[in-house]
Protein chains: 2
Amino acid sequence: MLAESLYRLGATVAVYEPDPQAPLCQRTRYVTNAAWNDIEALRKFSQQCSRVTYEFENVESEPLQCMEFQLMPSMAVLAVAQHRAREKRFLRENGLPHVAFAEHVPDHPAILKTVRGGYDGKGQMRWTPGETPLSGPLVAEEIIDIEVEASCIVARSKTEEGVFPVFENEHRNHILDTTLVPASLPDEVLAAVQDVARETARKLDVTGLLTTEFFLTRHQPRRSPALQVDDWYLMVNELAPRPHNSGHVTRQACTFSQFDALARILLDVPLGQPRLLPGVWGMGNLLGEVYGTRSKLDLTPWAEHPTVREVCLYGKTQPRAGRKMGHFIVHGESRTAGLAEIAAFRAALTKT
Amino acid sequence: MLAESLYRLGATVAVYEPDPQAPLCQRTRYVTNAAWNDIEALRKFSQQCSRVTYEFENVESEPLQCMEFQLMPSMAVLAVAQHRAREKRFLRENGLPHVAFAEHVPDHPAILKTVRGGYDGKGQMRWTPGETPLSGPLVAEEIIDIEVEASCIVARSKTEEGVFPVFENEHRNHILDTTLVPASLPDEVLAAVQDVARETARKLDVTGLLTTEFFLTRHQPRRSPALQVDDWYLMVNELAPRPHNSGHVTRQACTFSQFDALARILLDVPLGQPRLLPGVWGMGNLLGEVYGTRSKLDLTPWAEHPTVREVCLYGKTQPRAGRKMGHFIVHGESRTAGLAEIAAFRAALTKT
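The structure contained in this document is the topic of the report that follows.

Across its full length, chain A carries eight helices and 16 strands. Relative to the compact-globule value of 20 Å for 352 residues, chain A shows a C-alpha radius of gyration of 20 Å, a close match. A principal-axis box enclosing the C-alpha atoms of chain A has dimensions of 55 × 50 × 45 Å. Counting over 352 residues, chain A shows a buried share of 57%. Of the contacts formed within chain A by residues at least 6 apart in sequence, a portion of 61% connects residues at least 24 apart. As presented, chain A carries roughly 15,000 Å² of accessible surface, and 49% of it is formed by carbon and sulfur atoms. One way to put it: in chain A the 38 positive side-chain charges average out to a point 4 Å from where the 43 negative ones average out.

Take a nonpolar patch on the surface next. On the surface, a nonpolar cluster with roughly 280 Å² of combined accessible area is contributed by A:Trp36, A:Phe56 and A:Tyr119. Of note, A:Tyr119 is situated in the loop between strand S4 (110-114) and strand S5 (124-127).

Our next topic: the interface of chain A and chain B. Contacts between the two partners involve 28 residues from chain A, matched on the other side by 27 residues from chain B. Between chain A and chain B, a total of about 2,700 Å² is buried, with carbon and sulfur atoms accounting for 50% of that surface. Together, A:Arg8, A:Arg27 and A:Arg309 form the three largest contributors to the area buried by chain A at its contact with chain B, with a combined 24%. Linking B:Arg8 and A:Glu4 is a salt bridge whose minimum nitrogen-to-oxygen distance equals 3.1 Å. The tally of links from chain A across to chain B stands at eleven residue pairs in polar contact (both at pLDDT 80 or more). Counting residues per element, the side of chain A that touches chain B draws most heavily on strand S15 (residues 308-313) of chain A, which supplies five residues.

Take the sheet that holds strand S3 (residues 101-102) of chain B next. All names here are of chain B. If you trace the four strands from one edge of the open sheet to the other, you get S3-S6-S4-S5, paired in antiparallel fashion. The open sheet has two free edges, formed respectively by S3 and strand S5 (124-127), since each of these has just one partner strand. Direction of pairing for strand S4 (residues 110-114) relative to S5: antiparallel, over a ladder of four bridges. What sits directly across from Ala110, in S5, is Trp127. Across the sheet, helix H4 (residues 84-93) lies against S3, S4 and strand S6 (138-141), angled at about 50° from S6, the strand it touches most.

Paired through their backbone hydrogen bonds, the strands of a sheet run either parallel or antiparallel. Residue and element names in this part refer to chain A. With antiparallel pairing, four strands are arranged side by side in an open sheet as S3-S6-S4-S5. Pairing within the sheet leaves two strands with one partner each, and these edge strands are strand S3 (101-102) and S5. Against the sheet, helix H4 (residues 84-93) makes contact with S3, S4 and strand S6 (138-141), and its axis sits at roughly 50° relative to S6, the strand it touches most.

Right, let's talk about the packing of aromatic side chains for a bit. Residue and element names in this part refer to chain A. For the coordinates displayed, the defined rule picks out eight aromatic pairs over all chains. When the ring of Tyr16 is compared with that of Phe45, the centres are 5.4 Å apart and the planes differ by 70°; the resulting orientation is edge-to-face. Pair noted here: Tyr16 is in strand S1 (residues 14-16) and Phe45 is in helix H2 (residues 39-48), with a separation of 29 residues, a long-range link. Like Phe45, Tyr16 is buried. An aromatic cluster of three or more residues is present, and its members are Tyr16, Trp36 and Phe45. Between the NZ or CZ atom of Arg264 and the centre of the ring of Phe256, over which it lies, the distance is 4.1 Å.

The side chains of a regular strand alternate between the sheet's two faces. All names here are of chain B. Of all nine residues in strand S16 (residues 324-332), eight are buried, a share of seventy percent or more. Direction of pairing for strand S14 (residues 280-287) relative to S16: antiparallel, over a ladder of eight bridges. In the sheet register, Leu287 faces S16, and the bridge partner there is Lys324. In terms of strand pairing, strand S15 (residues 308-313) meets S16 through five bridges, oriented antiparallel. Residue Val311 lies in a different strand from S16, and its bridge partner there is Phe328.

This part is about the relation of the copies chain A and chain B. Between the two copies, chain A and chain B, the superposition gives an RMSD of 0.0 Å; the rotation angle is 180° and the shift along the axis is 0.0 Å. In symmetry terms, the pair is related by a two-fold rotation axis. By residue overlap, the copies meet face to face through one surface: 96% of the interface positions of chain A are interface positions in chain B.

The subject of this paragraph is the pattern of salt bridges. In this structure the tally under the stated criterion is 40 salt bridges over all chains. Linking A:Arg156 and A:Glu161 is a salt bridge whose minimum nitrogen-to-oxygen distance equals 3.2 Å. For B:Asp268, the salt bridge identified is with B:Arg51, shortest N-O distance 3.5 Å. Separated by 217 residues along the polypeptide, B:Asp268 in the loop between helix H7 (258-266) and S14 and B:Arg51 in the loop between helix H2 (39-48) and helix H3 (75-81) bring together distant segments of the chain. On the basis of relative accessibility, which here comes to 54%, the residue B:Asp268 falls in the exposed class. Each member of the salt-bridge network shares a partner with another, and the members are A:Glu4, A:Arg8, A:Arg251, A:Asp260, A:Glu310, B:Glu4, B:Arg8, B:Arg251, B:Asp260 and B:Glu310.

Here we take up a negative patch on the surface. A cluster of acidic residues, A:Asp187, A:Glu188, A:Asp230 and A:Asp231, forms a negative patch at the surface. Take A:Asp231: it is sitting in the loop between strand S12 (227-229) and strand S13 (232-240).

Rules used in this analysis
Residues numbered from 1 in each chain as written. Chains lettered and ligands numbered in written order. Predicted model: local features only at pLDDT ≥ 70, side-chain atom pairs only at ≥ 80, totals over all residues. Heavy atoms only, no water. Helix = DSSP H or I, 4+ residues; strand = E, 2+ residues; numbered from the N terminus. Rg over C-alpha atoms; globule rule 2.2 N^0.38 Å. Buried < 20%, exposed > 50% of the residue type's maximum accessible area, 1.4 Å probe, protein only. Contact = heavy atoms within 4.5 Å. Areas by Shrake-Rupley, 256 points an atom, 1.4 Å probe, with all protein chains shown as cover. Lys, Arg positive; Asp, Glu negative; His and termini not counted. Charge placed at Lys NZ, Arg CZ, Asp CG, Glu CD. Patch = residues over 30% accessible without salt bridge, like charges linked within 9 Å, V, L, I, M, F, W, Y side chains within 5 Å. Salt bridge = Lys/Arg side-chain N within 4 Å of Asp/Glu carboxyl O. Buried area = accessible area lost by both parts, 1.4 Å probe. Polar contact = N/O pair within 3.5 Å; in protein donor to acceptor, adjacent residues only side chain to side chain. Pairing = 2+ DSSP bridges. Axes fitted to C-alpha atoms, helices over the stretch in contact; angles between N-to-C directions. Phe/Tyr/Trp six-rings, centres within 6.5 Å; stacked < 30°, edge-to-face > 60°. Lys NZ or Arg CZ within 6 Å of the ring centre and 35° of its normal. Least-squares fit on C-alpha atoms with pLDDT ≥ 70 in both.

If you want it as structure tokens, here you go:
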């Protein structure tokens, strides 16, 4: 999806990807298939490029030294965002609202997360004293009674800063299930979320995209330094310095998408301010489960769901449970209608 | 742009293109570089594909026999649309409004056009008795006092038919300069244009896209069998069985684009009915002239033109006068504002 936005602006795209079967390798011309720590291949790749970005932060950052000056967001941003303990220390040191944490197993129930490599619920557990904790370096987070999960993407070039609207996210089995925009939160809370996201991106000095994920609750947390706005408490959960699954909704919901924004930044094209288009927009993920035993999705039910503005399939060949195979975006008159349409379309795809 | 829409629906794209320097060859993985009449290469290519379409109808159709059953629109459609005399005979035989024509040089002033290979004003001349006419097979058309040029794209699958809104087109030196939608014509005239476009696509039995270009005038033509609607006379000028330059505006102006429509048809995905989004939309072509002596466009002025929703560059490396290098799309409150923005943005790009 980023390649699409880059091509539109006339760029040439080269891809570094260990797996030759990965979708983008089937779709672009200039492909390097080599390991994340193959310094020779990385160096050769970087010589082709004027700018390099990444869609996945769980790569070793050491070997990327050779492309330090092309990397956007920078090595420093990557180093913080790929390591949960560094990320949380960064939030604490900068006075940003966050979930209270310790870098050791505590004496009370907590969410344990490995400091590296975790995503979609991998590398984390809800832990009670007496249970065997995760092995390896970890952080222990206060358990928050989450009422709403939200995310906010900030796009920063060398001279401009754009902020996307706040997305409301629903997870299922720790995997993003739906994103809705506008989020159903009071205006002051939405503004505070955007302010914290902007402040976080500034403090990290991001050039590129920064997605900040938030927990929101109306029960004051015991330990976490949350930001109170009216009767809401908000705190940063985690950071991703790249296009984010929740941001896929911007492909239809905004005057330009998160991918367009990053492409503009990478290519030194003016960024501008993304605006939300009228109505309610909902993004639903299509996980491997929707495919059942099939390897290809039958989109016939789309005919009965004209509110579905986009279906986007990523070209992955092996549908597996929990694997993100694609997404769709609906346009509704209301939040209720949007949510109903997401559920109905997904059910229709699953049935056939 | 079609590849983008195909990829979104999970397709694999293979390209047949004689010129290895052509933009798409730099952007896709499966590329065949061979001549349009290389039967062996065409056969091998067709064996990779379940469906084949074309973005350019000035190819010899004979060698395409080997992919007859994959071709969409069909060989029969291509044979009509790539040959002006056949196209005009088709319109006449089917009682569709068209510009009066003869297949010989007449005894009065006329527009002469070669029957094959003409586009963007190539292979045509305004001719007066006494002048040397074009050589080779030609058609001679009545000179129409054109007030408005319009186009209408019909998308047809095996089971569905979608009609895009009517575009109003302005040409400069015979090359499309701007497209506006909605067109500034009375509702009855717009409906008639869509009806004729639909009827033309049905009579041609198109599966895929058919763009029908129209001349509109309020001066009754002497010879042409025009369709009168109120005080307007409309007639078909020419047909293109593929995505059309004027249809680029649909990338922003409609719920889905001409490329999305063709991708859905090619992939047997439900088509649906494209809807026009609120406001006025204008597409401006970026010809080589805009580049001046530069090889790369400086998009810095975009910062001052927030109504520009999209800039799309095609990745062509050699800007030449008259060559279509890209386009941009503006969103305006009114027709006047839209036109002014197109002019202003193009001027700003040309200046820097």
